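What follows is each chain in one-letter form.
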Amino acid sequence: MNLHKDTILLFNANPEPSLLLASNAPIFTILAVNNAYLNALGIEEKVLVGNGIFEVFPDSPSNSPSPLYQSLHKVIGSKSIDSILQNRYDILNPKSAQKETKYWKISNSPILKESGEIDYILHTVTDKSKEVIQSEIKDLSIEQKARLLATSGLFASALLSNESWEDALKNAFSLIGEAVDADRVYYFENFTDKATGNKFTSQVMEWCNEKVVPQRDNPNLQNAAFEDFKEFFEPLLQGKYYIRSTKEVKDNNLRLILESMSIKSVLIMPLYIDSYFHGFIGFDDCHNNRNWTNEEIEFLTSIASNLTIAIDKKQKSEAFAESQQRLQSAINNSPGVIYRCKAD
């Protein structure tokens, strides 16, 4: 099909990524493509020109016509411009060979003959992916903040329940794991060898979802020496959290242990009681090299603080009960009579 000279000039002058389509519905053959379009989609001209637009960009399997199909037919029927403000169509990134999520604003404009009939359709696209994705992230962030805030209250309530400490932790960890979409949540306690003064840590409690293998009986997680995992403990001993993708871990031994548990990324929060490094709470993602959001980190910092308060309260309650038991034992074993006096 020979294109009019003025049509070609108009088409090439368009700075927006564009195709020139024949009006042969429902095929809509691609007659020309400008450089802006080739650059925007990373596609070669020979793939486009001469083929129908739905041959190159097939509709997703569906019983209903796509927005683009409807828009082009609307142009044919009305002989007027029709636009699609937001249309998702993922494209293949030639560098990564992976599909990329893309959102496009599409404009279909008829080019009329002197007789008033449609000669061509100017199909123009604008990449709106950045704006759409940022908007989705903002909406998700608001929703996530509300969910995390609600979970924080439920976590505190679970720890204060009348259940056993072990059951309370399991329920509380389940709430947190589901809220931040973690595969595992666990709690370690530190201790010092009185003979050597060396510091160690052991896992005390673990929750995990059904997608991963539990590590409660993993010997690598019992009596682990601080000295053997300096990269891991250095920030924790400074009161900072430890956050890493497994592939970024420099310590070869630590990286191998994380890999053996299928961990892709990890976030660890230290637990301090009266300035003493008591232990830590950790969160594993076994499916993604995860970038933890600021909202998630702030939330989990708060969770670590609430857990520290609960542990401190439990320890003090146990210490008081033990002292009362020793006192009662002393009274029961005393050969004489002990009087409790009240000063006048």
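Each residue is numbered by its place in its chain's sequence as written, counting from 1. Since the coordinates come from a predicted model, pLDDT governs what is reported: local features require at least 70, and pairs of side-chain atoms require 80 or more to be given and counted, while whole-chain, interface and lining totals use all residues. Think of the side-chain values as coming from all heavy atoms in the structure, minus any hydrogens and water.

K.L.:
I'm lost on helix α5 (residues 67-78) in this one. Help?
P.N.:
What sets the pattern is the α-helix's 3.6 residues per turn: residues three or four places apart point alike. Counting from the N terminus, the helices are DSSP H or I runs at least four residues long and the strands are E runs at least two residues long. Helices are assigned an expected span. That span is 1.5 Å times one less than the residue count. With 12 residues, α5 extends 16 Å between its outermost C-alpha atoms, agreeing within 8% with the 16 Å of an ideal straight helix rising 1.5 Å per residue. Buried, partly exposed and exposed residues are distinguished by accessible area as a fraction of the type maximum, computed with a 1.4 Å probe on protein chains only: under 20%, between the cut-offs, and over 50%, respectively. Taken together, the buried positions of α5 are occupied by Leu-68, Ser-71, Leu-72 and Val-75. The buried residues of α5 occupy an angular sector of 95 degrees when the element is viewed end-on, so they sit on one face. Opposite the buried face of α5, by more than 90 degrees, sit the exposed residues Lys-74 and Gly-77. We call two residues in contact when some of their heavy atoms are within 4.5 Å. The secondary structure elements touched by the buried residues of α5 are β1 (18-22), α4 (53-56), β3 (82-88), β6 (103-112) and β7 (118-127). What the arc covers is the set of directions going from the helix axis to the C-beta atoms.

K.L.:
Please explain the environment of Val-33 as it appears in this structure.
P.N.:
For Val-33, the location among the structural elements is in strand β2 (residues 30-33). Spatially, the C-alpha atoms of Val-33 and Asn-12 are 8.5 Å apart, while their sequence positions differ by 21 residues. In contact with Val-33, not counting residues within four places along its chain, are Phe-11, Ser-18, Leu-19, Leu-38, Glu-45, Leu-48 and Val-49.

K.L.:
In this structure, what is going on with the side chain of Asn-108? I would like to understand it.
P.N.:
Relative to the helices and strands, Asn-108 resides in strand β6. What makes Asn-108 buried here is its relative accessible area of 0%.

K.L.:
Could you clarify how one ought to interpret the sheet that holds β3 in this entry?
P.N.:
Each strand in a sheet pairs with its neighbour through backbone hydrogen bonds, running either in the same direction (parallel) or in the opposite one (antiparallel). A sheet is described by the order of its strands in space; here five strands give the open sequence β2-β1-β7-β6-β3, paired in antiparallel fashion. In this open sheet, the two edge strands, each paired with only one partner strand, are β2 and β3. Adjacent strand axes in the sheet meet at a mean angle of 25 degrees, parallel and antiparallel pairs treated alike. A pair of strands is considered paired only if DSSP assigns at least 2 bridges between the two. Direction of pairing for β1 relative to β2: antiparallel, over a ladder of three bridges. Note that in β2 the partner of Leu-19 across the bridge is Val-33. Every axis corresponds to a line fitted to the C-alpha atoms, with the helix fit spanning only the stretch in contact, and the corresponding angles, defined between N-to-C directions, vary from 0 to 180 degrees. Packed onto the sheet, α5 meets β1, β3, β6 and β7 and runs at close to 175 degrees relative to β3.

K.L.:
Please clarify how the layout of surface pockets should be interpreted in this entry.
P.N.:
Any empty space left between atoms is shown by rolling a water-sized probe over those atoms. Here a cavity means grid points, on a 1 Å grid over the protein atoms only, where a 1.4 Å probe fits yet cannot get out; a pocket means an open set of points with protein on both sides within 12 Å along at least five of seven lines; lining residues are those with an atom within 4 Å of a point. Grid points are joined across faces, edges and corners, and a volume is the space filled by probe spheres set on the points. Approximately 310 Å³ is the volume attributed to the largest pocket. Elements with a minimum of two residues in the lining of the largest pocket: α2 (35-41), α5, β3, β6 and β7. Here the residues of the lining of the largest pocket sort into 13 nonpolar, six polar and two charged. For this classification, Asp, Glu, Lys and Arg are treated as charged, while Ala, Val, Leu, Ile, Met, Phe, Trp, Tyr, Cys and Pro are nonpolar and the rest, including Gly, are polar.

K.L.:
Could you clarify how one ought to interpret the pairing of strand β8 (residues 184-192) in this entry?
P.N.:
Within a regular beta strand, the side chains point alternately toward one face of the sheet and then the other, so they alternate between its two faces. By the bridge criterion, nine bridges tie β8 to strand β9 (residues 199-208) in an arrangement that is antiparallel. Residue pairing in the sheet places Thr-192 in a bridge with Lys-199 of β9. Count of turn residues in the β8/β9 antiparallel hairpin: six residues, of which Gly-197 carries a positive phi of about 80 degrees. Relative to strand β13 (residues 276-285), β8 runs antiparallel, the two sharing six bridges. Directly across from Arg-184, in β13, lies its bridge partner Asp-284.

K.L.:
What is the right way to read the nonpolar core from this model?
P.N.:
The nonpolar side chains of a soluble globular protein tend to be buried with one another. What we call a nonpolar core is a set of buried Ala, Val, Leu, Ile, Met, Phe, Trp, Tyr and Cys residues that are connected through their side-chain atoms within 4.5 Å. Ranked by internal contacts, the top residues of the largest apolar core, which has 27 residues, are Phe-155, Phe-173, Met-269, Ile-281, Phe-283, Leu-300 and Leu-307. No other element matches helix α10 (residues 294-333), which puts eight residues into this core. When near neighbours in sequence (up to four residues on either side) are disregarded, Leu-307 contacts Phe-155, Leu-159, Trp-165, Leu-169, Phe-173, Leu-271 and Ile-281.

K.L.:
Sorry if this is basic, but what is going on with α10 here?
P.N.:
The end-to-end C-alpha distance of α10, which contains 40 residues, comes to 58 Å, matching closely the 58 Å that a straight helix rising 1.5 Å per residue would cover. Residues Glu-296, Ile-297, Phe-299, Leu-300, Ile-303, Ala-304, Leu-307, Thr-308, Ala-310, Ile-311 and Asp-312 constitute the buried set of α10.

K.L.:
Can you help me understand the packing of aromatic side chains in this one?
P.N.:
By convention here, two paired aromatic rings are described through the distance between centres and the angle between planes. To pair, rings of Phe, Tyr and Trp, with the six-membered ring standing in for Trp, must have centres within 6.5 Å; the planes then decide the type, stacked if under 30 degrees apart, edge-to-face if over 60, and tilted in the middle. Taken as a whole and assessed by the stated rule, the structure comprises 12 aromatic pairs. Taking 5.8 Å as the distance between ring centres and 50 degrees as the angle between the ring planes, the aromatic pair formed by Phe-54 and Tyr-69 counts as tilted. Here Phe-54, found in helix α4, pairs with Tyr-69, found in helix α5; they are 15 residues apart in sequence, far enough to count as distant. Phe-54 sits in the buried class, given a relative accessible area of 17%. For Tyr-69, a relative accessible area of 29% puts it in the partly exposed group. Considering the side-chain rings of Phe-191 and Phe-200, the 5.6 Å spacing of their centres and the 20 degrees angle between planes classify their relative orientation as stacked. A network of ring pairs unites the aromatic residues Tyr-186, Phe-188, Phe-226, Phe-232, Phe-233, Tyr-242, Tyr-272, Phe-277 and Phe-280 as a single cluster. The ring of Trp-292 carries Arg-290 above its face, with NZ or CZ at 3.9 Å from the centroid. Two limits define a charge over a ring: the Lys NZ or Arg CZ must be within 6 Å of the ring centre, and within 35 degrees of the ring normal.

As far as function goes, none of this settles anything; it's purely spatial.
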